[in-house]
Amino acid sequence: TNTLKYTNKFIDYRSFSHNFNDDLDGNEHFLPWWNNDELISFRMSVGYLAPFNMTCHKLIFKPPDLDDNADNILFTIKKIDDGDATVDSVCTYTYSTTFVDNTSITINRGDWSATPSIEAGDVVGISITASDAGIVTSDKDFFITSVWRVEVVI
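Residues numbered from 1 in each chain as written. Predicted model: local features only at pLDDT ≥ 70, side-chain atom pairs only at ≥ 80, totals over all residues. Heavy atoms only, no water.

*Asks:* For this particular structure, what's the right way to read the side chain of Lys79?
*Replies:* Checked against the element boundaries, Lys79 lands in strand β6 (residues 73-80). Looking at Lys79, its side chain comes within polar contact range of the side chain of Asp81, at 3.0 Å. Every residue in contact with Lys79, bar those within four places of it in the chain, is listed here: Phe42, Thr86, Val87, Asp88, Val90, Ile118, Asp122, Val123 and Val124. (Helix = DSSP H or I, 4+ residues; strand = E, 2+ residues; numbered from the N terminus. Polar contact = N/O pair within 3.5 Å; in protein donor to acceptor, adjacent residues only side chain to side chain. Contact = heavy atoms within 4.5 Å.)

Written out as structure tokens, the structure is:
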């Protein structure tokens, strides 16, 4: 039997909060998607199973009072493809300009090293890595929001 099936398709923009409180060291830290606990490994609370194709439209980062404003931060979007368990790097962006305490920076889609796109069924993660452990020396609040262009198919 053949069934005629109509599909609704549209573009939507969705934002996610990745706020956390920690002291950044020189290790890679994966940002949370649904709580405020960042981790140093790509596991459940730092991954988001994409229900649709998604492209990172922008990432907004508001640092706290930093102990060393001249340190760089490497931002990375990673994924685990549907059908495997390997963590792949999608794209990176290094912020190497001096940070201004409590002042937001925005990483736009075109700023990344490659197109920041994820396919439906992939698990996406975002990480940050400070260039050294001196960027903050005590637990501080980091505010991060990502905005994604989502290709919704119903």
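*Asks:* Explain the nonpolar core here, please?
*Replies:* Taken as a class, soluble globular proteins show a tendency for nonpolar side chains to be buried jointly. The biggest cluster of nonpolar side chains holds 34 residues, and the ones touching the most others in it are Leu24, Phe61, Phe75, Ile77, Ile128 and Trp148. Of all elements in the fold, only β5 (53-62), β6, β7 (87-95), β8 (105-108), β10 (123-130) and β11 (140-153) reach the threshold of two or more residues within this core. Top contributing element to this core by residue count: β11, with 5 residues. What Leu24 contacts, discounting residues up to four positions off in sequence, is His29, Ile73, Ile128, Ala130, Ala133, Ile135, Val136 and Phe142. One finds Phe30, Leu39, Phe42 and Ile80 within the second-largest nonpolar core, a separate group that totals 5 residues. (Core = buried A, V, L, I, M, F, W, Y, C linked by side-chain atoms within 4.5 Å. Buried < 20%, exposed > 50% of the residue type's maximum accessible area, 1.4 Å probe, protein only.)

*Asks:* Would you mind showing me how to read the environment of Gly134 here?
*Replies:* Looking at where Gly134 falls in the secondary structure, it is placed in the loop between β10 and β11. Between the C-alpha atoms of Gly134 and Glu119, which are 15 residues apart in sequence, the distance is 36 Å. Filtering out sequence-adjacent residues up to four positions away, Gly134 remains in contact with Asp67, Asp68 and Asp71.

*Asks:* Please clarify how unusual backbone geometry should be interpreted in this entry.
*Replies:* Residues apart from glycine generally show negative phi values, whereas peptide bonds are mostly found in trans. At Asn102, a residue that is not glycine, the phi angle is positive and equals roughly 60 degrees. The topology assignment puts Asn102 in the loop between β7 and β8. Judged by its relative accessible area of 43%, Asn102 falls in the partly exposed class.

*Asks:* Would you mind going over the side chain of Thr55 with me for this structure?
*Replies:* Considering the arrangement of structural elements, one finds Thr55 in strand β5. Apart from the residues within four sequence positions on either side, Thr55 is in contact with Arg109, Pro116, Ser117, Val147, Trp148 and Arg149.

These figures come from the coordinates and say nothing about function on their own.
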